[in-house]
Amino acid sequence: LAEVLGGRKALVHLDLSMNKLTDVGVERLARSLGACQALAHVDVSGNHIGPQGAERLAGVLGKYTALSFLDVSFNNIAGLGAERLADVLGGCKALAHLAVSHNAIGAEGMGRLAGVLGECKALAHLDVSNNRIGDEGAGRLAGLLAQCNALAHLDVSVNHISAAGACRLAGAIGECEALAHLALNRNRIGDAGAASLAGVLGKCSKLTHLNLSCNEIGEEGAGKLGAALRLGECTALAHFGLASNALEAEGARRLAEALGQCPALTRLELSSNRIRDAGMVALARALPACRALAHLDVFQNQVGDAGAERLASVLGDCAALASLDLYANDIGPEGAGHIATALGACPALKRLDLRVNPLGPEGKERLGAAALSTCQVVT
């Protein structure tokens, strides 16, 4: 392959992802790729590339003045490899998409990349997820964000970021006017971090995707987020993820009060919290205002029959709802009966998940009999 590529001087797109190249393979490729100076798209993700391979790759990337897409995710380049890439990426002025997720680059590697990516004025997509950058790395990333006027997609999930790191990021995120997709899930930002982010949401008028799942956010943080959304400046928000946090009924209520200000919301993820019946009642009260909502995930929330009854009473007003996940709650035959009665008024509903609920034979029978032929009811 390396021998063939060496003769393809007009090559623009190279995808060698998931091929187990290792450092040895990259070394062989690099000898030939130096002649392919028209390359604009390079994907070598999932190839067991280490720091040595990253260094050899960097040696040729610096020659690609048209490079706009680089994906080195799911390798093991570590901090040293990130530093070698940083040595050349500042010269790639056309770079718009950079993915280095799952590489254990750490705070130092993040810092070196952040130090040069400000030169890449076209950068619109940056994925540094699962890299153990911590609060220090988040701080260094924050220094970069203020220079990224075109940045629309930022993924810093799974990075051991706490409230301190989230606070530093928040200050910079507010300056990213083009930001549409922000993933901070699977960190530990807590209520304080959520509050910091809430303080800048009003500046993110183009934000469509916000994922804060698995972050130890409780009632206070949910309240701050709800208050920010109620201001009505995040009208583009379509996907909101708060699964696997510490939300209870009051947090759900405060969030629910803001949903009417999110007319574009199509997906709401609140699974694996503890909103219980009271939280579901508050949420149900707000759902009719979410006319675009297509996916609602509230599985594993200790919702019982009372919550199911209130939810059922508004399902007919949720005209766009296509998927409802109530897996692993406490809904019994009575609650199942209320939902069954409501199904006839839900023509858009394609999937209803009620597995791992104490429905009993009666509840399952009523659901099965009431389901429309277009809806898959899983019990």
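Residues numbered from 1 in each chain as written. Predicted model: local features only at pLDDT ≥ 70, side-chain atom pairs only at ≥ 80, totals over all residues. Heavy atoms only, no water.

Asker: Would you mind showing me how to read the packing of helix H7 (residues 163–173) against helix H8 (residues 190–198) here?
Answerer: Geometrically, a packed helix pair is captured by the angle between its two axes and the distance between the axes. Direction vectors running N to C along H7 and H8 enclose 5°, while the axes themselves pass 8 Å from each other. Relative to H8, H7 is oriented roughly parallel. Side by side, H7 and H8 meet where Ala 163, Ala 166, Cys 167, Ala 170 and Ile 173 of the first sit next to Ala 192, Gly 193, Ser 196 and Leu 197 of the second. For the contact of H7 with H8, the class distribution of residues is seven nonpolar, two polar and no charged. (Axes fitted to C-alpha atoms, helices over the stretch in contact; angles between N-to-C directions. Helix = DSSP H or I, 4+ residues; strand = E, 2+ residues; numbered from the N terminus. Parallel < 35°, antiparallel > 145°, perpendicular 65-115°, else oblique. Contact = heavy atoms within 4.5 Å. Nonpolar A, V, L, I, M, F, W, Y, C, P; charged D, E, K, R; others polar.)

Asker: Explanation requested: the environment of Ala 348 in the structure shown.
Answerer: Tracing the sequence through the fold places Ala 348 in the loop between helix H13 (333–343) and strand S13 (351–353). You can call Ala 348 partly exposed: its relative accessible area is 23%. With 68 residues separating them along the chain, Ala 348 and Met 280 place their C-alpha atoms 21 Å apart. Non-local contacts of Ala 348, meaning those with residues more than four positions away in its chain, are made with Ala 319, Ala 320, Leu 321 and Ala 322. (Buried < 20%, exposed > 50% of the residue type's maximum accessible area, 1.4 Å probe, protein only.)

Asker: Would you mind showing me how to read the pattern of salt bridges here?
Answerer: Where side chains of opposite charge bring their charged atoms close, a pairing between them can arise. The full count for this structure, using the stated rule, is 18 salt bridges. One salt bridge connects Asp 87 with Arg 84, and the closest N-O pair in it is separated by 3.1 Å. With Asp 87 and Arg 84 both in helix H4 (residues 78–89) and three residues apart, the pair spans about one turn of that helix. A relative accessible area of 46% means that Asp 87 is categorised as partly exposed. Here Arg 355 ties to Asp 353 by a salt bridge, and the two come within 2.7 Å at their closest N and O atoms. Salt bridges linked by common partners bring Glu 83, Arg 84, Asp 87 and Arg 112 together as one network. (Salt bridge = Lys/Arg side-chain N within 4 Å of Asp/Glu carboxyl O.)

Asker: Sorry if this is basic, but what is going on with H8 here?
Answerer: For an α-helix, 3.6 residues make a turn, and residues three or four places apart therefore share a direction. Listing the buried residues of H8 in full gives Gly 190, Gly 193, Ala 194, Leu 197 and Ala 198. Axial view of H8: buried residues confined to an arc of 145°, hence all on one face. (Arc of directions from axis to C-beta.)

Asker: Before we go on, may I ask you to explain unusual backbone geometry in this structure?
Answerer: The phi angle of most residues is negative, glycine excepted, and most peptide bonds adopt the trans form. Notably, Arg 132 is not glycine yet its phi reads approximately 55°, a positive angle. With respect to the element layout, Arg 132 can be found in the loop between strand S5 (125–127) and helix H6 (134–145). The exposure class of Arg 132 is exposed, given its relative accessible area of 60%. Of note in the backbone geometry, His 160 takes a positive phi value of approximately 60° without being a glycine. Its location among the elements puts His 160 in the loop between strand S6 (153–155) and H7. Look at His 160 and you get partly exposed, because its relative accessible area is 44%.

Asker: Before we go on, may I ask you to explain empty space enclosed by the protein in this structure?
Answerer: Gaps left between atoms are located by rolling a probe of water-molecule size over the structure's atoms. In this structure the tally under the stated criterion is three cavities of 30 Å³ or more. Within this model, the largest cavity holds a volume of roughly 60 Å³. Contributing to the lining of the largest cavity are Leu 14, Leu 16, Leu 21, Val 26, Leu 29, Ala 30, Leu 33, Val 42, Val 44 and Leu 57. Residue contributions to the lining of the largest cavity peak at four residues, all from helix H2 (residues 22–33). (1 Å grid on protein atoms, 1.4 Å probe; cavity = no way out; pocket = protein on both sides within 12 Å on 5 of 7 lines; lining within 4 Å. Points joined across faces, edges and corners; volume = space filled by probe spheres on them.)

Asker: Hey, could you run me through the packing of H2 against helix H3 (residues 51–61) in this one?
Answerer: At their nearest, the axes of H2 and H3 sit 8 Å apart, and the two run at 15° to each other. For the element pair H2 / H3, the angle class is roughly parallel. In this structure, the crossing between H2 and H3 has a hand that is left-handed. Contacts between H2 and H3 involve Asp 23, Val 26, Glu 27, Ala 30 and Arg 31 from the first element and Gln 52, Gly 53, Arg 56, Leu 57 and Val 60 from the second. Split into classes, the residues belonging to the contact of H2 with H3 amount to four nonpolar, two polar and four charged. (Left-handed = near helix turned anticlockwise from the far one by under 90°.)

Asker: What should I look at first to understand the environment of Gly 337 in this one?
Answerer: Looking at where Gly 337 falls in the secondary structure, it is placed in helix H13. For Gly 337, a relative accessible area of 2% translates into the label buried. Once the C-alpha coordinates of Gly 337 and Asp 317 are considered, the two residues, 20 residues apart in sequence, prove to be 18 Å apart.

Asker: In this structure, what is going on with the environment of Ala 246? I would like to understand it.
Answerer: With respect to the helices and strands, Ala 246 occurs in the loop between strand S9 (239–241) and helix H10 (249–256). A relative accessible area of 27% places Ala 246 in the partly exposed class. For Ala 246 and Asn 273, which are 27 residues apart along the polypeptide, the C-alpha to C-alpha distance reads 5.6 Å. Non-local contacts of Ala 246, meaning those with residues more than four positions away in its chain, are made with Ile 217, Gly 218, Glu 219, Asn 273 and Arg 274.

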